[in-house]
Amino acid sequence: MHLEGTHTLKASAKDIWAMLMDHQTLAKVTPGIKTLEPAGDGKFKAVSDVKLGPVSGSFKGTMEVVDPNPPQSFTLKIKQNSKIGNVAAEGSIALNPTGSRETEVVFSGDAKLSGTLARTGQRVLSGVARTLTNEFFQALEDEIALMEGQEVKKENFFQKIWKLIRNIFSAT
């Protein structure tokens, strides 16, 4: 499965870099992450809960920041295992300043899935991947707003469901 795109954030590349390199912030903004513990040299132990359509499971594994070029780019390698399948993913992330307080985040990556997880179907997976990406960037935007002392408006349950439905059906 391939995933790529861009997202513009209202913060400097230096601030975004600091947030993405902080394991506590990264755990907070990444959908499904329960714990993210440093294991030295850009490596982390990760535990996550993921639900993809009718399939859900708890994953354990590693995440590693490779080839860091602060505050411009890095590669992220992820290996996660569970009873429902395994995930091996690698993606590149580039932070391109477009203004003094604005940065375009460019991401591109591939994930290899196995087990029940892989059999859930490409249509469902691509819609869920898009939803998780949107949730990640929304949570990162919220963290930026909090860092700047702004109030963050949370979506209610029905707004979240509607957004999920729109994202799933836009994948078809």
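Rules behind the numbers
- Residues numbered from 1 in each chain as written.
- Predicted model: local features only at pLDDT ≥ 70, side-chain atom pairs only at ≥ 80, totals over all residues.
- Heavy atoms only, no water.
- Buried < 20%, exposed > 50% of the residue type's maximum accessible area, 1.4 Å probe, protein only.
- Helix = DSSP H or I, 4+ residues; strand = E, 2+ residues; numbered from the N terminus.
- Arc of directions from axis to C-beta.
- Contact = heavy atoms within 4.5 Å.
- Phe/Tyr/Trp six-rings, centres within 6.5 Å; stacked < 30°, edge-to-face > 60°.

1. Things to note about helix α1 (residues 13–21)
Step number 1: Within the sequence span of α1, burial applies to Ala 13, Ile 16, Trp 17, Met 19 and Leu 20. Seen along its axis, α1 keeps its buried residues to an arc of 165°; they face one direction.

2. Structural notes on the environment of Thr 133
Step number 1: The residue Thr 133 is located in helix α3 (residues 122–147) in this model.
Step number 2: Spatially, the C-alpha atoms of Thr 133 and Gly 5 are 9.5 Å apart, while their sequence positions differ by 128 residues.
Step number 3: Setting aside residues no more than four positions away along its own chain, Thr 133 makes contact with Leu 3 and Phe 107.

3. A closer look at the packing of aromatic side chains
Step number 1: Taken as a whole, this structure holds 3 aromatic pairs when the rule is applied.
Step number 2: Ring centres of Phe 136 and Phe 137 lie 5.2 Å apart, and the angle between their planes is 75°; on these two criteria the pair is classed as edge-to-face.
Step number 3: A relative accessible area of 18% means that Phe 136 is categorised as buried.
Step number 4: Taken together, the ring pairs connect Phe 107, Phe 136 and Phe 137 into an aromatic cluster.

4. Points about unusual backbone geometry
Step number 1: With an omega of -15°, the peptide bond running from Pro 70 to Pro 71 counts as cis.
Step number 2: Turning to its location among the elements, Pro 71 is positioned in the loop between β4 (55–69) and β5 (73–82).
Step number 3: With a phi close to 50°, Asp 41 is a non-glycine residue in the positive phi region.
Step number 4: On the accessibility criterion, Asp 41 (77% relative accessible area) is exposed.
Step number 5: Backbone geometry places Asp 67, a non-glycine residue, at a positive phi of 55°.
Step number 6: Following the sequence through the fold, Asp 67 ends up in strand β4.
Step number 7: The class of Asp 67 is exposed, set by a relative accessible area of 56%.

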